[in-house]
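Survey of secondary and tertiary structure
The chain contents come next:
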Amino acid sequence: MSNDKKIYTTPLVRKFARELGADISEIKGTARQGRITEKDIKNYIYRELRPSDEGKSIKRKEIKSEIKFIHSDFGEVEIKDIPRVKKIAAPFLNKSWSTIPHVTHHDEIDITEMEDFRMKLKDNFTGQNIKITPLVFIIKALVNALKKFPSFNSSIDDIENGKITLKKYFHVGIAVDTPHGLMVPKIRNANQKNIKDLSSEILEISDKCRNLKIDKNEFYGGSITISSLGGIGGSFFTPIINYPEVAILGVSRSSIKQIYLENSFQVRTILPISLSYDHRIIDGAEAARFCNELKENLGKNFAYKLAI
Ligand code: CAO
């Protein structure tokens, strides 16, 4: 207790503070002449002893270095409900972030030829230009890479028994931004679909998500997830693995850059990617090789083959 501050209160309130383990010298009284009331003690406890995740109290000392104020102490605030979808997703994100040792590998892919090809795509019947986003090619490239690197298409939810589940299917999750929050429906058997099918399926599932028409079973049973911010912007980020998957591919917005290639500067279209992976099962070298494979699959020689 500090000696240089006179404390005005009743013995009963002092006892109340002692019982709750509150240091009365730290409490600001709100009654006349700064007198401390029982309500001041309660408010102080409310601020200092916030419930933990399990609903139990954390000891005051443990959180002393954390929040020492409430936001409304500093000005007007508004308390709103967190959207339902975000509330549902929160424990999954928590589990992933707190239990998976994430590493994110960043890389850049030269997609100049792929983009030329994509811009020239025409409908076979009408001859009209068709609009297919880079994401569709990325799905194709990713599936090809998964075939070569099966550990990226796995789950290790039975780690205690030392077991890994390798999936023989290719169900690619697509993170969809909706007004209700992020949703991750799956494109089932992406290996069996051509770019046109994939393109219309992305439109269909993202539309269903945005209109809350998607079946919740579509959120389960994935191989790997793509989180594409390419339509929005940015270069490089650290996507959180969609548990129980072991990797997620973050895609940012491509840009035109001058690159030194074959003894000269050339203008190329460069796609930034960020691959987060579970370091318990995937090593850094494997992640780098996986990204090299993606580069091959989206690079000069592969765009045409993948499109078929
Ligand atoms: N680089 C440059 N341009 C890109 C691009 C990229 N990597 N990816 C898409 N684009 C372009 C598209 O070609 C399209 O261009 P036009 O308007 O000229 O035709 C435009 O950006 C918009 O594309 P899109 O976002 O509508 O379509 P998509 O197939 O790329 O993505 C979907 C579909 C569902 C993934 C997307 O709408 C979406 O929701 N993205 C957000 C995902 C997200 O929030 N991730 C973060 C998760 S972690 O919190």
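The structure we're discussing is the one just above.
Residues numbered from 1 in each chain as written. Predicted model: local features only at pLDDT ≥ 70, side-chain atom pairs only at ≥ 80, totals over all residues. Heavy atoms only, no water.

Considerations on the environment of Ser276
Defined as follows: What counts as a helix is a DSSP run of H or I of at least four residues, what counts as a strand is a run of E of at least two, and both are numbered from the N terminus. Relative accessibility under 20% of the residue-type maximum defines a buried residue, over 50% an exposed one, and the middle range a partly exposed one, all with a 1.4 Å probe and only protein chains included. Between two residues, a contact is recorded if the distance between any of their heavy atoms is within 4.5 Å.
Along the chain, Ser276 falls in strand 11 (residues 264–278). Residue class for Ser276 comes out buried when judged on its relative accessible area of 0%. Sequence separation of Ser276 and Gly181 is 95 residues, and the distance between their C-alpha atoms is 21 Å. Apart from the residues within four sequence positions on either side, Ser276 is in contact with His102, Val103, Thr104, Thr238, Pro239, Ile241, Val246, Ala247 and Ile248.

As for unusual backbone geometry
With an omega dihedral of 10 degrees, the bond running from Tyr243 to Pro244 counts as a cis peptide bond. If you check the backbone angles, Gln33 has positive phi at about 60 degrees while not being a glycine. Here Gln33 is to be found in the loop between helix 1 (11–19) and helix 2 (38–48). Judged by relative accessible area, which is 63%, Gln33 ranks as exposed. Phi is positive for Glu262, close to 45 degrees, though the residue is something other than glycine.

Focus: the site of the ligand
Basically, it comes down to this: In this text, near means that some heavy atom of the residue lies within 4 Å of the molecule or strand in question. We define a polar contact as two N or O atoms separated by no more than 3.5 Å, with the added condition that, inside protein, one atom must be a possible hydrogen donor and the other a possible acceptor, whereas residues neighbouring each other in sequence contribute only through side-chain atom pairs. Surface accessibility follows the Shrake-Rupley procedure with a 1.4 Å probe radius. Residue values consider only the protein chains on display as shielding.
In the vicinity of the ligand there are 22 residues, among which Lys131, Thr133, Asp177, Ser252 and Ser254 approach most closely. At 3.0 Å from a nitrogen atom of the ligand is found a side-chain nitrogen or oxygen belonging to Ser227. In the model, a nitrogen atom of the ligand is placed 2.9 Å from a nitrogen or oxygen of the Ser254 main chain. The fraction of the free accessible surface of the ligand (960 Å²) that becomes covered by protein chains is 69%.

Details of a nonpolar patch on the surface
Condition: Patch construction takes residues with relative accessible area above 30% that form no salt bridge. Like charges are linked within 9 Å, and nonpolar side chains (Val, Leu, Ile, Met, Phe, Trp, Tyr) are linked within 5 Å. Whenever Lys or Arg places a side-chain nitrogen within 4 Å of a carboxyl oxygen from Asp or Glu, that contact is recorded as a salt bridge.
On the surface, a cluster of nonpolar side chains totalling about 290 Å² of accessible area is made up of Leu93, Trp97 and Ile240. Mapped onto the elements, Ile240 comes out in the loop between strand 8 (224–228) and strand 9 (247–251). A relative accessible area of 30% places Ile240 in the partly exposed class.

Concerning the packing of helix 6 (residues 134–148) against helix 7 (residues 195–210)
Defined as follows: All axes are obtained by fitting lines to C-alpha atoms, using only the stretch in contact for helices, and the reported angles, taken between N-to-C directions, cover 0 to 180 degrees. Two helices that cross are described as forming a left-handed crossing if the nearer one is turned anticlockwise from the farther one by less than a right angle, and a right-handed crossing if clockwise. Polar here means any residue outside two lists: the nonpolar Ala, Val, Leu, Ile, Met, Phe, Trp, Tyr, Cys and Pro, and the charged Asp, Glu, Lys and Arg; Gly therefore counts as polar.
It is at 9 Å that the axes of helix 6 and helix 7 come closest, and there the two elements cross at 120 degrees. For the pair helix 6 and helix 7, the sense of crossing is right-handed. Between helix 6, through Leu135, Val136, Phe137, Ile139 and Lys140, and helix 7, the contact on the second element is made entirely by Ile195, Leu198, Ser199 and Ile202. Here the contact of helix 6 with helix 7 is composed, by residue class, of seven nonpolar, one polar and one charged.

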